[in-house]
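Each chain, written out:
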Amino acid sequence: MFHVKQSPALIKDLDRLCREAVFARDGHKCMRCGKRDRLQWCHVYSRRYRSLRWNLLNSMTLDAGCHLFWHHRPLEAMDWWREKVGPLKATQLEIAARVRPGGKLDLEAIRIYLQRAAA
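From a predicted model like this one, the values you see are computed outputs, not experimental measurements.

Asks: Honestly, the pattern of salt bridges in this entry has me stumped. Any pointers?
Replies: One side chain can pair with another of opposite charge once the charged atoms of both are near each other. All chains considered together, the criterion is met by eight salt bridges. A salt bridge links R111 to D13, with the shortest nitrogen-to-oxygen separation between them at 2.6 Å. Linking R111 in helix 6 (residues 107-118) with D13 in helix 1 (residues 8-25), this pair joins segments that are 98 residues apart in sequence. For R25, the salt bridge identified is with D26, shortest N-O distance 2.8 Å. Look at R25 and you get partly exposed, because its relative accessible area is 43%.

Following this line, the structure appears as structure tokens:
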């Protein structure tokens, strides 16, 4: 497998692509309240986990107020999220969060995936 060097410019580009794909998927509105302003790209599991950072199941669109709810009331927020996405998607992401990937991430493959998702 070909591994791409993890340059800051590539990481920034992947973040931009994922943000665009998530906003497009969510109709450019907050998944929780439906507002269309002050939108933020948010993660179910922290984006510091590179294996999940660009996973679209791990991403959602929230407005600033709902993003604060997510961080300040995590138990209620996870209950809301599980109900919103359904048990199958919630379980898929929970399994992915527990799996430790072997080796480096193929960031170029992730870029192609996100470009297609954003289109």
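Anyway, onward from the coordinates.
Asks: Explanation requested: the packing of helix 3 (residues 64-72) against helix 4 (residues 74-85) in the structure shown.
Replies: The relative placement of two packed helices is expressed as an angle between their axes plus a distance between the axes. Between helix 3 and helix 4, whose axes approach to 5 Å, the crossing angle comes to 115°. Comparing the axis directions of helix 3 and helix 4 gives the class roughly perpendicular. From helix 3, F69, W70, H71 and H72 reach across to helix 4, where they touch P74, E76, A77, M78, W80 and W81.

Asks: Before we go on, may I ask you to explain the nonpolar core in this structure?
Replies: Soluble globular proteins tend to bury their nonpolar side chains together. Core analysis: the largest hydrophobic core is formed by 31 residues, its most contacted members being W54, M60, L62, W70, W81 and L114. Counting residues per element, the ones that place at least two in this core are helix 1, strand 1 (39-43), strand 2 (59-63), helix 3, helix 4, helix 5 (87-98) and helix 6. Counting residues per element, this core draws most heavily on helix 1, which supplies eight residues.

Asks: When you look at the environment of A90 in this model, what are you seeing that I'm missing?
Replies: Tracing the sequence through the fold places A90 in helix 5. Separated by 46 residues in sequence, A90 and V44 have C-alpha atoms that sit 9.9 Å apart. Those residues in contact with A90, other than ones at most four positions away along the chain, are W81, R82 and V85.

What counts as what
Residues numbered from 1 in each chain as written. Predicted model: local features only at pLDDT ≥ 70, side-chain atom pairs only at ≥ 80, totals over all residues. Heavy atoms only, no water. Salt bridge = Lys/Arg side-chain N within 4 Å of Asp/Glu carboxyl O. Helix = DSSP H or I, 4+ residues; strand = E, 2+ residues; numbered from the N terminus. Buried < 20%, exposed > 50% of the residue type's maximum accessible area, 1.4 Å probe, protein only. Axes fitted to C-alpha atoms, helices over the stretch in contact; angles between N-to-C directions. Parallel < 35°, antiparallel > 145°, perpendicular 65-115°, else oblique. Contact = heavy atoms within 4.5 Å. Core = buried A, V, L, I, M, F, W, Y, C linked by side-chain atoms within 4.5 Å.

Nothing here speaks to function; it is geometry throughout.
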